[in-house]
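Examination of the molecular architecture
Below, each chain spelled out in residue letters.
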Amino acid sequence: MEGRKLLMTLLEGHATVYIKTEGDKIVDVLYQGVDVRFFETFWVGNLVDEMPRITPMICGVCSATHHVCSAKAVDMVRGVEPPETAIRIRDAMNYGLHLNNQAMHLVALGLPDFLPPDTPRRSLIQLSKARPELVKTGLELVELGFQVVKVFGGRDVHPINAIAGGVARPPNKSDVEKLAALFREKEATLKRFVEEAWSLLQENHSKIEKYKPSYKYMMAIDPGKPPYNPSHGTVKIIDEKGGVKTTFPDKGPEYLHALDEHTVDYSYIKMVTPKGGDLRSDSIMVGALARLNIVTDYGVEWANELRDKIFEEWGKPARHTLLTHYARIVETVALYEILKEKLASEDYYTPPHANPPTRGGGEGAGIVEAPRGLLIHHYAADEASRTVFVNIITPTAINAAAIEADLRNHLVGKTLTELGDKLYAEVAAIVRAYDPCMSCSTHTALQPAPITIRIVDANTPIKLPLKPPRRR
Amino acid sequence: MAKLTLAAVTLTACGGCDVQIMRALLHPDIMESFEIVYWPFAVEETRLPEKVDVALVNGVVRTEEDLEKLREVRKAARRLIVVGSCAGFSGIAGQADYWPTDASLRAVYGKPPENTVKVLRRVFSPADLVPVDYIVSRCPPLVPSIVSALRAVLGKTSIETVESTVCSQCPRRIKEIKEIHFKKGMPRDADPETCFLSQGYLCMGSVTLVGCGAPCTRFGLPCFGCSGPSHEVALRRDSDIVIALARKIAVLAGLDPVEGAETVKKKLLETYGPRRFYVFTMGSEVIRTKPNAYAVEAAAETRLNPELCEKMIETRKKYLRR
Amino acid sequence: MPVKPPTIIIDYDRCKKCLNCIRACTAFEGVYEKGEDGYPKVVRPEYCVECLICHLVCPSNAITHKNYRETLVLDLSGLPIERYKHIV
Ligand code: SF4
Ligand code: SF4
Ligand code: SF4
Ligand code: SF4
Ligand code: SF4
């Protein structure tokens, strides 16, 4: 017995939200993610050294992060420490990608949600009508991020430069200088962007307040010392009060002792909880907001100030789900300033750029922060460097349980009649705040249209209709 | 002139194509000429209209729903442009065909989940299933290529195809090969001015479609074929990636283009295994239907040896069990 | 055999100077010769037997024969051909 089916947009990839009802009343919400491309099996048997070139294609939106994370894992598999210069180049790639993604998410995916719900075809284009300056400046930052990835990574989407033990080539000196000049020039663009985005969020205070958080933990990499760096540090899990529950290193398979992966029968996403945790009550949130609470010092005064403003208004730890949008603005500032500084002063040219591997293969895992949260690549290879095992945990898989918890908290107990046409907007606001990148969830499976909302009777087993839904 | 309506449809894909489509659509002249009526990635509109003028499709057909969606968009669209290697030649997603789908499902989930959309038994590229008007190849597709395809649809410009390969844009100098010997792995110690083939490394440049500007070889890494097969490989029924590559290498080494090529081919297959040559084309019918291609052979490896699958599944379990 | 020798054009923008064409040419005397600039030059087109092996060994597809077989395509279905006309 199926009720309405809603199709959801402004997401990368596909997912379904099931709303189970008894009569008119919502009794449960399930979140089902989809996309099966089997990145965890298909390279088995091939050279593990090539993983960093293959894994970016898990997600074209945050490809550089996958690239860097994969290289970190392969370093360990091949038993080699990359030289300083190579680490700086890889970090620059990840910084650039984060800048690109945070700005892109705000203008293209997140902020259009703050337009009035009756706007037809809410999108970047509509947003640019309402807030032309915001979109213009945002897109400039997006391109800037792409340029950084291109200069350091070789290609702007799906970069190639990082290899086991370092990087293949240093960037071109004149390109880096041009970039540094661009960053100096565009300072005003950043200011304008931050003002515009911040004020739009300020106007929507009540909307942010409406969505109370109900995930339990937050997890992110703490770089330990400034400046903020999404590529290195210790992973920390904090609880509702901000107390540290667990920590584990950003390299090596220790994450297996701290996290559990759960297979659920209604979804291809393997959801993640802390070790021994319960899927329904122990969800973890990762992403910009988790970082906001865990990173102690961005190393950029302006970013720290903005963050403190958020803490003042919303308490510490700041947990309201929609605050992620604020957190993205803070990160945009931090990333821009850090990159400006680094591009002008850092040395990317002193050789060596790669160290030779010391063994054919072994086990290794790399953990970095992707724009959407913690990303884990875990490989093993045999003596001939052939891949034998791949496990990849993406931020979307970790967030899945948190999204479910938030949706449940917000919807269960309400009736369909009461929500009426607003149901779509409600679900959308929560899900989009997490920015689940469904294509990137390697352990998730299929579905053509982005989020679909299905309303089913509580006693009906879940079955997908063969035909994709056509009408809202 | 009235605006043309445009729909962008993503099947099972990585989102890279969506990003590139977004960058292409932001060109002022494109933005002026098209009205985006459906694009789940960036427009809040949930219904694909009955009729659209232009549709951009990216991603592979992996599930029954993908298939439905593809049919729907082909019916609706006057012009259908597929974007990306995935949509043109099955792309990286086609690699999944190396393992039987059941084995992959079991490896990742233990028991294949039942309450969900059905995964097809193999990967298809949309260009193999429905007639398409243009292919914008490459992974990720280049923004200027998408723009020029859209301009061509508008009738403003025409596009000429260039029947060449990545080599023509690569700055490396090809030298004679002294000895037929192939090295595995990343070319760490390779000379940055000389062609990888001349140094004994595998580079797919000479059998890969031109257009990317060879960023990989410029960055010290061999081409791995993300643009899809070159015209020579794709159009000649008697050709194939491995044999075409072997022929060029053989002549570089001063061997006979026919007999020598056979020797080189054997050596290539021995060193790298057949799968390595089809990283971006394994699921493509253009390649699979060739009598001389090894794409099917590569996939047969796991079908003929079920132990391989079991071993893969067991190893995965072993590493995850702590 | 055509009476007129084919016109052989080498696209020097694409040519990699690998000289595969010289090495592989089937004609007795050889159609190509290495020029002073290192590029292959068409010197004896009248000897060409039109085997087109030079096309196959050229890594960058730089050689074209005119007044001869227009197409090399042996595929009967015609589908991929159509497809390749429209690749960007
Ligand atoms: S062609 Fe490349 S960029 Fe496009 S969807 Fe496929 S993997 Fe992603
Ligand atoms: S084979 Fe590779 S390295 Fe050699 S010229 Fe061609 S693209 Fe360049
Ligand atoms: S050089 Fe090869 S792998 Fe690199 S972008 Fe070009 S076609 Fe793709
Ligand atoms: S084979 Fe092609 S690339 Fe090589 S020299 Fe001859 S024309 Fe030039
Ligand atoms: S067609 Fe044959 S004979 Fe003529 S130039 Fe080419 S290789 Fe030589």
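So, here is what we can say about the structure in this document. (Residues numbered from 1 in each chain as written. Chains lettered and ligands numbered in written order. Predicted model: local features only at pLDDT ≥ 70, side-chain atom pairs only at ≥ 80, totals over all residues. Heavy atoms only, no water.)

1. Here's the deal with the overall build of chain B
This is how it is decided: We count a stretch as a helix when DSSP gives it H or I for four or more residues in a row; a strand needs E for two or more, and each element gets its number in order from the N terminus. As defined in this context, the radius of gyration uses C-alpha atoms, and a globule is described by 2.2 Å times the residue total to the power 0.38. Throughout, a contact is declared for two residues whenever any of their heavy atoms are within 4.5 Å. Residue exposure ignores everything except the shown protein chains as possible cover, and the areas themselves are Shrake-Rupley values with a 1.4 Å probe. Within this scheme the basic residues Lys and Arg register as positive and the acidic residues Asp and Glu register as negative, but His and the chain ends are omitted. Every charge is mapped onto a representative atom, which is NZ of Lys, CZ of Arg, CG of Asp or CD of Glu.
Scanning chain B from terminus to terminus reveals 14 helices and 7 strands. Here the C-alpha atoms of chain B give a radius of gyration of 21 Å, agreeing with the 20 Å that 2.2 N^0.38 yields for 322 residues. Its C-alpha atoms give chain B principal-axis dimensions of roughly 60 × 50 × 40 Å. Long-range pairs, those at least 24 residues apart, make up 71% of the contacts in chain B between residues at least 6 apart in sequence. Counting only carbon and sulfur atoms, one obtains 51% of the accessible surface of chain B, whose full area is about 11,500 Å². Taking the 45 positively charged and 38 negatively charged side chains of chain B as two groups, their mean positions are separated by 4 Å.

2. Concerning the packing of helix H13 (residues 395–411) of chain A against helix H15 (residues 422–434) of chain A
Residues and elements named next belong to chain A. Convention followed: Lines are fitted to the C-alpha atoms to define the axes, a helix being fitted only along its stretch in contact, and any angle between axes, read from their N-to-C directions, falls within 0 to 180 degrees. Here roughly perpendicular refers to angles of 65 to 115 degrees, roughly parallel to angles under 35, roughly antiparallel to angles over 145, and oblique to all remaining angles. A crossing counts as left-handed when the near helix is turned anticlockwise from the far one by less than a right angle, and as right-handed when that turn is clockwise. Each residue gets one of three labels, nonpolar for Ala, Val, Leu, Ile, Met, Phe, Trp, Tyr, Cys and Pro, charged for Asp, Glu, Lys and Arg, and polar for the others, Gly among them.
Where H13 meets H15, the closest approach of the two axes is 10 Å, and the angle between their N-to-C directions is 150°. When the interaxial angle is binned, H13 and H15 end up roughly antiparallel. By crossing handedness, the relation of H13 to H15 is classed as right-handed. Contacts between H13 and H15 involve Asn399, Ala402, Ile403, Asp406, Leu407, His410 and Leu411 from the former and Leu423, Glu426, Val427, Ile430, Val431 and Tyr434 from the latter. Per-class residue counts for the contact of H13 with H15 are 9 nonpolar, 2 polar and 2 charged.

3. Looking at the interface of chain B and chain A
Quick reminder of the rule: The term buried area denotes the loss of accessible surface (1.4 Å probe radius) that occurs when two parts are joined, taken as the sum for both partners. Definition used for salt bridges: Asp or Glu carboxyl oxygen within 4 Å of a side-chain nitrogen of Lys or Arg.
Of the residues lining the interface, 79 residues belong to chain B; the matching set on chain A comes to 97 residues. For the chain B and chain A pair, buried surface summed over both sides reaches about 7,900 Å², with 61% attributable to carbon and sulfur atoms. On inspection of chain B and its partner chain A, the count reaches 4 salt bridges. One salt bridge in this structure joins B:Arg316 and A:Glu40, with 3.9 Å as the shortest N-O distance. Those elements that place two or more of their residues in the side of chain B that touches chain A are helix H1 (16–25), strand E2 (34–38), strand E4 (61–63), helix H3 (64–76), helix H5 (101–109), helix H8 (215–218) and helix H14 (306–320) of chain B. Here the side of chain B that touches chain A is built from residues that sort into 42 nonpolar, 15 polar and 22 charged.

4. With respect to the site of ligand 5
Our working rule: It suffices for a single heavy atom of a residue to lie within 4 Å of a molecule or strand for the residue to be listed as near it.
C:Cys25, C:Cys48, C:Cys51, C:Leu52 and C:Cys54 are the nearest of the 13 residues found near ligand 5. Here the residues of the shell around ligand 5 sort into 10 nonpolar, 2 polar and 1 charged.

5. Describing the interface of chain B and chain C
Reports often express the size of an interface as the amount of accessible area lost when the parts come together. Short version of the rule: A 3.5 Å cut-off defines polar contacts: any pair of N or O atoms within that distance qualifies, except that in protein one atom must be a possible hydrogen donor and the other a possible acceptor, and neighbouring residues in sequence count only when both atoms are side-chain atoms.
Each side of the interface is counted separately: chain B has 44 residues, and chain C has 28 residues. One can count 1 salt bridge joining chain B with chain C. In this structure, the salt-bridge partner of B:Glu176 is C:Arg23, at a minimum N-O distance of 3.9 Å. Our count for the chain B to chain C interface comes out at 12 residue pairs in polar contact (both at pLDDT 80 or more). Going through the elements one at a time, helix H4 (84–89), helix H6 (126–129), strand E7 (134–136), helix H7 (143–154), helix H9 (231–235) and helix H10 (241–252) of chain B are the ones with two or more residues in the side of chain B that touches chain C. Here the side of chain B that touches chain C is built from residues that sort into 20 nonpolar, 12 polar and 12 charged.

6. A few points about the packing of aromatic side chains
Note the cut-off: Planes of paired rings set the category: under 30 degrees apart is stacked, over 60 is edge-to-face and the rest tilted, where pairs are Phe, Tyr or Trp rings (Trp by its six-membered ring) whose centres lie within 6.5 Å. A 1.4 Å probe rolled over the protein chains alone gives each residue an accessible area, and that area as a share of the maximum for its type sets the label: buried under 20%, exposed over 50%, partly exposed in between. The rule is short: NZ of Lys or CZ of Arg within 6 Å of the ring centre and within 35 degrees of the ring normal puts a charge over the ring.
Within the structure shown, the criterion is met by 14 aromatic pairs over all chains. Note on A:Phe39 and A:Phe42: the rings are 4.8 Å apart at their centroids and 50° apart in plane angle, and the pair reads as tilted. Neither residue differs from the other here; A:Phe39 and A:Phe42 are each classed as buried. Ring centres of A:Tyr228 and A:Tyr298 lie 5.4 Å apart, and the angle between their planes is 70°; on these two criteria the pair is classed as edge-to-face. Of this pair, A:Tyr228 sits in the loop between strand E6 (217–222) and strand E7 (234–238) while A:Tyr298 sits in the loop between helix H10 (288–294) and helix H11 (301–314), and the two are 70 residues apart along the sequence. Taken together, A:Phe39, A:Phe42 and A:Trp43 form an aromatic cluster joined through their ring pairs. One Lys or Arg, A:Lys191, reaches over the ring of A:Trp302 and ends 5.4 Å from the middle of that ring. The ring of A:Phe146 carries the charged tip of B:Arg23 above its face, separated from the ring centre by 3.7 Å.

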